[in-house]
Amino acid sequence: MKDASTAFLDLVFLTAGISIGLFNFTYFMEFLTLFGKDTALPKHMVLISNVISLVLIGLGAIGASFHLGHKLRAWKAIKRFHTSWLSREAVFSGAYGFTLLIFALLRFFDHTGFWYHFFGIITFILWWLSAFSTAMIYASNRFVLEWNTSISVLYYLNMYLMFGSSAFLALTYFYRKEFVGTYIFLTFLFLALGLAFRLAFNI
Amino acid sequence: MPQYALVIDLNTCAGCHACATNCKEWNTQASFGPLSDFDPYGRNPKGVWYNRIMTYEMGEFPDTQVFHLPKSCLHCQDAPCVPVCPTGASYKREQDGIVLVNYNDCIGCKLCSWACPYGCRKFDEADKVMKKCTLCIDRIYDEFLPPEHRKPACVLTCPAKARFFGDIEDPNSEAYKMIKERNGFVLFPDMGTNPANHYLPRTETKVHVDEHLLEAENPLFLEVVRRHYKGG
């Protein structure tokens, strides 16, 4: 039976994973419009996606604090950025939430020009860094051999893409039905990759 | 750079737990205390102990041997618990190599306990911070204590004199000499943590026993004598 802190860790991965995975596909579609592709998303879809991502990353931060002994000191986790992957995760995920909020506000006020894409790209990079840092907390522990492998990083990134594509699939059903087939394929692709990692490497 | 450490003689340690008990007593009342205890006399006692003694049995019955391995923080020279700490609460002192935790900065994330391959960090459920052996830093620099008492509590209390303390980088120290003269070793040397605490290996004692002593009536005595019997 899982103890409370393990259950909270699951909650953190689920919330943060859906949040950043959902933003990944939302902005990816917007990004493709820069190259003349017809992938622009309706304003409501972008805003609903961003609100879900913001709420979930906020819930993830709250959930993460439950396994800390001193929750009010959590801000101190930014102090050892140069050595600690946990510190890097805290910095990158916090920055991700902040730039995501700006991105959503720009979309809300219909500023879809340079700054919209500037903050979209920054947020996109930050989510990758955040997810990579989370994975490295485990992958860098050289005394737990099951974790101490680059596969751990790939597994985490794939998990986030799996969550994100699933959530984005639900939104496309309501707003861009023509992409449902694509995202059903992507969701099952990432799911299959996750299962393959699980079976092949027992992680 | 000085590196204070414990040197523990496994040949002499009798597993009496006096070091662990005195460690608990000193650190509960001194600068780094108290150390929490939950249900200490109940069915499921829990609490913070800096020092533990693990007892192992080796060999096949009836030729078995028991040995004891006292283990506390090894104050690794490349301590893996230090860089993973997100707040810098875990740190290694330059002046003496002692690894400490700043309780005011510790957020209780427990990542350091994941990183320690020796399992030497203990989360205090009462104070909500990570705790560990301090090498009795509040004793060894205390100028109000007589010089011979400026040692860790576990070293002072060991009735078998199996524990030694000193700078393992100083050729004049007792700890340094013990390691060199008696082939001191460290736990898991291949892990790259470079532990400061050393252990002196067990050696098998062979003594000459006269034949008539083997005719003792006490079967337990006979067993002990047979085990160490080298021949008449």
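Since the model is a prediction, treat every value here as computed from it, not as a measurement.

This brings us to helix α6 (residues 180-201) of chain A. Residues and elements named next belong to chain A. With 22 residues, α6 ought to run about 32 Å at 1.5 Å a step, and its terminal C-alpha atoms sit 31 Å apart, in line with that. Taken together, the buried positions of α6 are occupied by Tyr183, Thr187 and Phe190. One side of α6 holds all its buried residues, which, seen down the axis, span an arc of 70°. Turned more than 90 degrees from where α6 packs its buried face, Gly181, Phe185, Ala192, Leu195, Ala196, Leu199 and Ala200 sit exposed. Among the residues trailing α6, Asn202 stands out with phi positive, at a value near 55°.

The next thing to look at is the interface of chain B and chain A. Contacts between chain B and chain A engage 17 residues on the former and 16 residues on the latter. The dominant element in the side of chain B that touches chain A, judged by the number of residues it contributes, is helix α3 (residues 111-115) of chain B, at three residues.

The subject of this paragraph is the environment of Arg88 of chain A. Residues and elements named next belong to chain A. Position of Arg88 among the secondary structure elements: in helix α3 (residues 85-108). Residue Arg88 is classed as buried on the basis of its C-beta count, with 23 C-beta atoms lying within 10 Å. Between the alpha carbons of Arg88 and Ile20 there is a distance of 16 Å; along the sequence they are 68 residues apart. Not counting residues within four places of it along the chain, the set of residues in contact with Arg88 comprises Phe81 and Ser133.

Attention now moves to the pairing of strand β1 (residues 4-9) of chain B. Residues and elements named next belong to chain B. Burial of β1 is extensive: six of the six residues sit out of reach of the surface. What you see with β1 is no split at all: Tyr4, Leu6 and Ile8 on one side and Ala5, Val7 and Asp9 on the other are buried throughout. By the bridge criterion, five bridges tie β1 to strand β10 (residues 163-167) in an arrangement that is antiparallel. Bridge pairing in β10 places Tyr4 opposite Asp167. In this structure, β1 lies alongside strand β11 (residues 198-200), joined through three bridges in parallel fashion. When the sheet's bridge partners are listed, Asp9 is paired in β11 with Leu200.

Cut-offs applied
Sequence order sets the numbering: in each chain, residues are counted from 1 along the sequence as written. Ligands are numbered from 1 and chains lettered from A, in the order in which they are written. It should be noted that, the model being predicted, local features are given only for residues of pLDDT at least 70 and side-chain atom pairs only at 80 or more, the latter also being counted only at that level, while totals for whole chains, interfaces and linings use all residues. By the criteria applied, helices consist of DSSP H or I runs no shorter than four residues and strands consist of E runs no shorter than two, each listed in order from the N terminus. The span you would expect from a helix comes to 1.5 Å times its residue count less one. To assign burial, the other C-beta atoms lying within 10 Å of each residue's own C-beta are counted, with C-beta atoms placed from the backbone; 20 or more indicates buried, 12 or fewer indicates exposed, and intermediate counts indicate partly exposed. It is the directions from the helix axis to the C-beta atoms whose arc is reported. Whether two residues are in contact is decided by their C-beta atoms, placed from the backbone, lying within 7 Å. Any two strands are treated as partners once DSSP identifies two or more bridges connecting them.

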